[in-house]
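# Topology and contacts: notes
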Amino acid sequence: MPALIGSVAVAPGQRVQAGDLLLTLEAMKMETAIRAEKAGTVERVVTPIGTQVEAKDLLMVVAG
C-alpha cells in the first residue's frame, strides 16, 4: 500500500538503539511508526518528509 513519510525522527550520524523511532508512515488516515530493529548508526535518510513510498522502497540506511 502506498504511504507518505510523515516524520523523520533521526539524522545521519545519529546512534540508535533497538526500538528507537526512525520515522512514521501515513496511509489512509493511519500512522505507522518504523523503529530500529537493532542498534547502529544512521548513515543516510533516503526519503525526506512528504515523500510518497511503496512497499519495499529503501527509506533509510542504518549500519551496525
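Keep in mind that this is a model prediction, so the values were computed, not measured.

### Let's talk about the overall build of the chain
Scanning the chain from N- to C-terminus turns up zero helices and seven strands. Secondary structure elements of the chain, listed N to C terminal, follow the sequence β-β-β-β-β-β-β. The C-alpha radius of gyration computed for the chain amounts to 11 Å, which stays within 12% of the reference 11 Å derived for 64 residues, consistent with globular compactness. Projected onto its principal axes, the C-alpha coordinates of the chain cover approximately 30 × 20 × 20 Å. Looking at the 64 residues of the chain, the share that counts as buried comes to 25%. Distance between charge centres in the chain, computed from 6 positive and 7 negative side chains, equals 4 Å.

### Examining the sheet that holds strand β6 (residues 52-53)
As a general point, the strands of a sheet are linked pairwise by backbone hydrogen bonds and lie either parallel or antiparallel. Here we have four strands laid out as an open sheet, ordered β4-β3-β1-β6, and antiparallel in their pairing. Strands with a single pairing partner mark the edges of an open sheet, and in this sheet they are β4 (30-35) and β6. Inspection of the sheet shows strand β1 (residues 3-8) paired to strand β3 (residues 21-27) by four bridges, in the antiparallel sense. The residue of β3 that forms the bridge with valine 8 is leucine 23.

### Quick word on the side chain of threonine 47
Here threonine 47 shows up in the loop between β5 (40-45) and β6. Looking at threonine 47, the relative accessible area reads 6%, which means it is buried. The residues touching threonine 47, leaving out its near neighbours within four places in the chain, are Ile5, Val8, Val53, Leu58 and Leu59.

### Here's the deal with the sheet that holds β5
Within the open sheet, the three strands sit side by side as β2-β5-β7. Their pairing is antiparallel. Each edge of the sheet is formed by a strand with only one pairing partner; in this case those strands are β2 (15-16) and β7 (60-63). For β2 and β5, the ladder comprises two bridges, and the chain directions are antiparallel. The residue bridging valine 16 from the neighbouring strand is glycine 40, located in β5.

About the criteria used
Residues numbered from 1 in each chain as written. Predicted model: local features only at pLDDT ≥ 70, side-chain atom pairs only at ≥ 80, totals over all residues. Heavy atoms only, no water. Helix = DSSP H or I, 4+ residues; strand = E, 2+ residues; numbered from the N terminus. Rg over C-alpha atoms; globule rule 2.2 N^0.38 Å. Buried < 20%, exposed > 50% of the residue type's maximum accessible area, 1.4 Å probe, protein only. Lys, Arg positive; Asp, Glu negative; His and termini not counted. Charge placed at Lys NZ, Arg CZ, Asp CG, Glu CD. Pairing = 2+ DSSP bridges. Contact = heavy atoms within 4.5 Å.

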